[in-house]
Each structure stands twice: as C-alpha cells, then as structure tokens.
2 protein chains.
Amino acid sequence: MMSEAAITRLGDMGRWEPDAKGRLMVAALELYTERGYEQTTVADIAQRAGVTERTFFRHFADKREVLFDGAGTLQETVVTAIATSAAQTAIEMVGTAMERAAEMMQERRDFARQRAAAIAANPSLQERELLKLAVLGAAAASALRDRGVPEPAATLAAEVGVTVFKVAFERWIDDQPDFPACIRATLEGLRALQ
Amino acid sequence: MMSEAAITRLGDMGRWEPDAKGRLMVAALELYTERGYEQTTVADIAQRAGVTERTFFRHFADKREVLFDGAGTLQETVVTAIATSAAQTAIEMVGTAMERAAEMMQERRDFARQRAAAIAANPSLQERELLKLAVLGAAAASALRDRGVPEPAATLAAEVGVTVFKVAFERWIDDQPDFPACIRATLEGLRALQ
DNA sequence: TTTGCTATGTCAGTGGCTGACATCAGGAAC
DNA sequence: GTTCCTGATGTCAGCCACTGACATAGCAAA
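Owing to the predicted nature of the structure, the values given are computational and were not obtained by experimental measurement.

Scoring rules and cut-offs
Residues numbered from 1 in each chain as written. Chains lettered and ligands numbered in written order. Predicted model: local features only at pLDDT ≥ 70, side-chain atom pairs only at ≥ 80, totals over all residues. Heavy atoms only, no water. Axes fitted to C-alpha atoms, helices over the stretch in contact; angles between N-to-C directions. Helix = DSSP H or I, 4+ residues; strand = E, 2+ residues; numbered from the N terminus. Contact = heavy atoms within 4.5 Å. Nonpolar A, V, L, I, M, F, W, Y, C, P; charged D, E, K, R; others polar. Near = heavy atom within 4 Å. Polar contact = N/O pair within 3.5 Å; in protein donor to acceptor, adjacent residues only side chain to side chain. Salt bridge = Lys/Arg side-chain N within 4 Å of Asp/Glu carboxyl O. Buried < 20%, exposed > 50% of the residue type's maximum accessible area, 1.4 Å probe, protein only. Least-squares fit on C-alpha atoms with pLDDT ≥ 70 in both. Buried area = accessible area lost by both parts, 1.4 Å probe. Phe/Tyr/Trp six-rings, centres within 6.5 Å; stacked < 30°, edge-to-face > 60°. Parallel < 35°, antiparallel > 145°, perpendicular 65-115°, else oblique. Left-handed = near helix turned anticlockwise from the far one by under 90°. Core = buried A, V, L, I, M, F, W, Y, C linked by side-chain atoms within 4.5 Å. 1 Å grid on protein atoms, 1.4 Å probe; cavity = no way out; pocket = protein on both sides within 12 Å on 5 of 7 lines; lining within 4 Å. Points joined across faces, edges and corners; volume = space filled by probe spheres on them.

Our next topic: the packing of helix 7 (residues 109–120) of chain A against helix 8 (residues 123–146) of chain A. Residue and element names in this part refer to chain A. One way to put it is that helix 7 packs onto helix 8 with a least axis distance of 6 Å and a crossing angle of 115 degrees. Only L125, Q126 and E129 of helix 8 make contact with helix 7, whose side of the interface consists of R115, A118, I119 and A120. Classifying every residue of the contact of helix 7 with helix 8 by side-chain character gives four nonpolar, one polar and two charged.

Next comes the structure, spelled out in structure tokens:
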C-alpha cells in the first residue's frame, strides 16, 4: 500500500504531514472560490490537502463546517467581553462586546473577504452562517442574564446586537476600512431609528 | 396501486389524485413529530402520502422545504403591509407589518406550534428557518426603500423588525395567547432598551 | 378518437456522510 | 532496540438525499 506512496512523493502531499485540518480549510476556501461550492466535491478538497475524504469528515462535521472553524473563538470573545464589561445598559454591553469581536477579525480582512464572498455565493453556506450567528446570539443572551439582565431584555438586546454585527460586517466588507468603527456607527444608526 | 379511497370530490380542476403536495406536507410534519427529522426518510414521507420519492422532489426542493411552504405568503403579507402603511417611522412601518403577519398566523396556532416544535428539535431545520427569515428581512428592507427610507436605516429597521418577530413568536408559542399583542409588547421592550 | 398537456412513475447515477476495521507514525515502557 | 500503546489516517461497504432522462397515466380540448 504505502510503498507506492513512497515513490510518488511529490504528488502525495505528506499524508502524515502536520496540520491536516489547516490544509483542508485552505484547500476548501480555494476551491469554493475557484469553482464554487456546489461544483466542489469533498473528494476534491481532500485530494488538494493530501488526505482522503474520510479524514475530511473526521475534522469537520460536514462540507460546510470547514468554513466556520473560527466561530467558537468568536463566541468566546463576545461572552468574555460581556462578562467583564463595565457598561451600564444591556445594549452597551453587547455593543462593546461586538466591537471586541470586530477588533479580532480586523486583523485578517483579506481572509474575511474571501470567505464572505464564498458564503454570499451559496444559500447553503448562508444557512450555516445564520445558524452560527443565532448560536452566538443565544450565548450573548446567556452572558447578559449572568450579568443580571432580565428576560426578555437579555434576548432582545443580544439579538439586536447580532443584527448590528451583521449589518456592520457588510459595511466593513463593502468599503469601510475600520470594522469597530462600523459597529459604533451602526449602533448610532439604531438609536436614531426611534 | 392507488386504490379507490377518496377520489375527486369538488376540485375537478384537472387533478387526478388531489392535493399530493398537501398530503406530503401533512405526512412530513407527522413523521418529523413522531420519530424526528433525521429518523425520517423522504421515502417514508412519500409512502405515507401515497406517492413516490421522486414526486416529493418535484413539489419540494429538498427534505426541509416541505415545512416552509407558507414562507412566500408570509413575505407577501409583510411587503404589502409596508407598501400601504400609514406609519411615520421605518420601525413603525415594519412593526405594523409584523403585526399583520402575526394576525395571519394567529388563526393556526396548533399547526404553528407543532411545526415550531419539529424545527426546534433539529439544527438543519433551524438553518432553513433562519434563511427564510433573512430573506423576509431583505424583502422588508426593499419595501422600506420603496417607501423612501434611506440606507442603512432600511436594512437596520427591517432586520430589527425580523428580530422582534422572532422574539415575539417564541413568547406566543411559549404561553401567550395573542400573537399581535406579543409583537407590540416586544416592540415596546425594544424602545425601553435604550 | 385523436392529440396534447401535466402529474406521476421508473431507473440509473452522483455525492454527502457514517460505521467498522486495518494500518501507520511517534513516543513511552521495557 | 524492541515492544506496546495511542491517535491519526486509509480502505471499504453502505445508506440516503437529490437529479436527469425517459416512460406512462389521466384529463381535456380539438
């Protein structure tokens, strides 16, 4: 079996090379960008990463999840920011927490752009993104409750905060350079609404 | 195969086995409720409805879509309400439009409950629901723009309106009897947030 | 009756995803 | 250094969601 792999060294991207998960994430984003999500098979991604299809599904729950590895870290950032916020109102707590998240993403704008483009091009990927944001909202609401915010204010503030994040993200990706500033501007626009 | 049973009653409009789509929707909701979404195959649904698997996919894009047939009507209701609203602010337009939608759903509370329970039990179905709500938000934003509301206020108001709808829906399903009243109460809670 | 339209059935095939089991690399234990 | 253990990977068989191509059944107008 592996004797053939020893011969074809170059074509076989180091099956035991480190960071198979990272290689899969890169390969997936490349392929989704090059030929689109639907036109890419998991076998394609695995081949480019130098592993088998089965290995892909050991690292990611499904074909979509490979684009959403950072969701957990983002959620931790938001929850921690709410837990340690010095703000007075629920909206302010969520707002500053979203700013922290924005600062974190700010550092990898090119990656965020490419990823956002791939997601925008496919409803299946949009669904997964919406679910991640909903989970983020639920976690934020829970963190608000831990700070003493009662229901339904906690859920409402958290959901509105996620909405602000979404709208600000689009503006940032679109043409604005400063993501945290987009958050602040969108929060201001929200206040002006009523 | 399809023996006698109930054939042609009033709708002689050119259908030979009446309402295959409706039977599929009923069968799907029943099975998703009885044994869960994952434990139900499309073949199961088709069999209970008295058709083949292929026919299911001629009526619905995928296994999830069978639960979301009413989304289009709901969207039309909201868009029409915004287009004909006499309210002054964007938030008020969206708020009253969501009230119209709530009135519409109010009539079938039991159905809404069973459907909501099935969706709540499965992340895949939640994803589809979130996508439908996102599309609804985009349509509402477009309707607001047609009424002269500028960006980003239109998108922001529409998204916040959808959030209010979501939160109010949960309260209605949970224990409140009056859905439109839930919308109004949630809108009031939103105002109180800032 | 004939013709034509539409909803449905049949069949083969692709691809996402899983379970069961074999294998390999690296390090710990001996 | 040999053995053994552990975790990551490969291999294979199989289920099921979903699709394209083509055949067929019922209905209606010509």
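Let's shift gears to the protein's contact with DNA strand C. Taken together, 20 residues form the shell around DNA strand C, and within it K63 of chain A together with T52, T55, R58 and H59 of chain B come nearest. Of everything in DNA strand C that lies within 4 Å of the protein, sugar and phosphate atoms constitute 56%. Measuring from a phosphate oxygen of DNA strand C, one finds a backbone N or O atom of V42 of chain A at 3.4 Å. Between DNA strand C and the protein, one listed contact pairs a phosphate oxygen with a backbone N or O atom of K63 of chain A at 2.6 Å. At the level of secondary structure, the elements contributing two or more residues to the surface near DNA strand C comprise helix 4 (53–59) of chain A together with helix 3 (53–59) of chain B. Split into classes, the residues belonging to the surface near DNA strand C amount to eight nonpolar, five polar and seven charged.

It is worth spelling out the pattern of salt bridges at this point. Any two side chains of opposite charge can pair, given that their charged atoms come close. Evaluated as defined, the whole model comprises 30 salt bridges over all chains. Across the salt bridge formed by R128 of chain A and E127 of chain B, the nearest N and O atoms sit 2.4 Å from each other. Linking R128 of chain A in helix 8 with E127 of chain B in helix 7 (residues 123–146), this pair reaches from one chain into another. On the accessibility criterion, R128 of chain A (8% relative accessible area) is buried. The closest approach of N and O atoms between E151 of chain A and R145 of chain A, which form a salt bridge, is 2.6 Å. Through salt bridges with shared partners, one network takes in D62, R64, E65, R128 and K132 of chain A together with E127 of chain B.

What follows deals with the relation of the copies chain A and chain B. Of the transformation superimposing chain A on chain B, the axial component is 0.0 Å and the angular component is 180 degrees, with the fit at an RMSD of 0.0 Å. Expressed as a symmetry operation, the mapping of one chain copy onto the other fits a two-fold axis. It is E127 of chain A whose C-alpha, among those of chain A, lies nearest the rotation axis, at 2.5 Å. When the interface residues of chain A are mapped onto chain B, 100% of them are again interface residues, pointing to one common binding face.

We now examine the interface of chain A and chain B. Facing the 26 residues of chain A at the interface are 26 residues of chain B. For the pair chain A and chain B, the two sides together bury roughly 2400 Å², of which 71% comes from carbon and sulfur. On the chain A side of the contact with chain B, E127, L156 and L193 of chain A bury the most area, a combined 28% of that side's loss. Applying the counting criterion to the chain A and chain B interface returns six salt bridges. Linking chain A with chain B are seven residue pairs in polar contact (both at pLDDT 80 or more). Taken together, the elements giving at least two residues each to the side of chain A that touches chain B come down to helix 8, helix 9 (153–174) and helix 10 (179–193) of chain A. Per element, the largest residue contribution to the side of chain A that touches chain B is ten residues, and it comes from helix 9 of chain A. Looking at the side of chain A that touches chain B residue by residue, the class counts come to 13 nonpolar, six polar and seven charged.

Following the sequence through the fold, T40 of chain A ends up in the loop between helix 2 (20–35) and helix 3 (42–49). From its side chain, T40 of chain A meets the backbone oxygen of G36 of chain A in a polar contact 2.7 Å long.

A few words now on the packing of aromatic side chains. Residue and element names in this part refer to chain B. The final tally for this structure, using the stated rule, is 14 aromatic pairs over all chains. For the pair Y32 and Y37, a centre-to-centre distance of 5.1 Å together with 70 degrees between the ring planes defines the contact as edge-to-face. For the pair Y32 and Y37, a shared accessibility class is recorded, and that class is buried. Geometrically, the ring pair formed by F56 and F57 is edge-to-face, given 5.3 Å between the ring centres and 80 degrees between the ring planes.

With that settled, consider the packing of helix 1 (residues 20–35) of chain B against helix 2 (residues 42–49) of chain B. Residue and element names in this part refer to chain B. Put simply, helix 1 and helix 2 touch, their axes get as near as 8 Å, and they point 125 degrees apart. Overall, the two elements helix 1 and helix 2 adopt an arrangement that is oblique. In this structure, helix 1 crosses over helix 2, and the sense of that crossing is right-handed. Contacts between helix 1 and helix 2 pair R23, L24, A27, A28, E30, L31, Y32, E34 and R35 from the former with D44, I45, A46, R48 and A49 from the latter. Class assignment for the residues of the contact of helix 1 with helix 2 results in eight nonpolar, no polar and six charged.

This next bit is on the environment of R58 of chain B. Note on placement: R58 of chain B falls in helix 3. A C-alpha to C-alpha distance of 14 Å links R58 of chain B and R23 of chain B, two positions 35 residues apart in sequence.

It is worth spelling out the nonpolar core at this point. Membership of the largest hydrophobic core comes to 83 residues, with the highest contact counts inside it found for L144 and F179 of chain A together with L144 and F179 of chain B. When neighbours within four sequence positions are excluded, L144 of chain B is seen to be in contact with I82, A90, M93, V94, V149, A154, A157 and A158 of chain B. With 21 residues, the next largest nonpolar core counts Y37, A46, F68 and A118 of chain A among its residues.

Attention shifts here to empty space enclosed by the protein. Under the definition given, this model contains two cavities of 30 Å³ or more. Considered as a void within the structure, the largest cavity measures approximately 190 Å³ in volume. Looking at the largest cavity, it is lined by 14 residues, and the ones nearest its centre are L130, E159 and K166 of chain A together with L130 and K166 of chain B. Of all elements in the fold, only helix 8 and helix 9 of chain A together with helix 7 and helix 8 (153–174) of chain B reach the threshold of two or more residues within the lining of the largest cavity.

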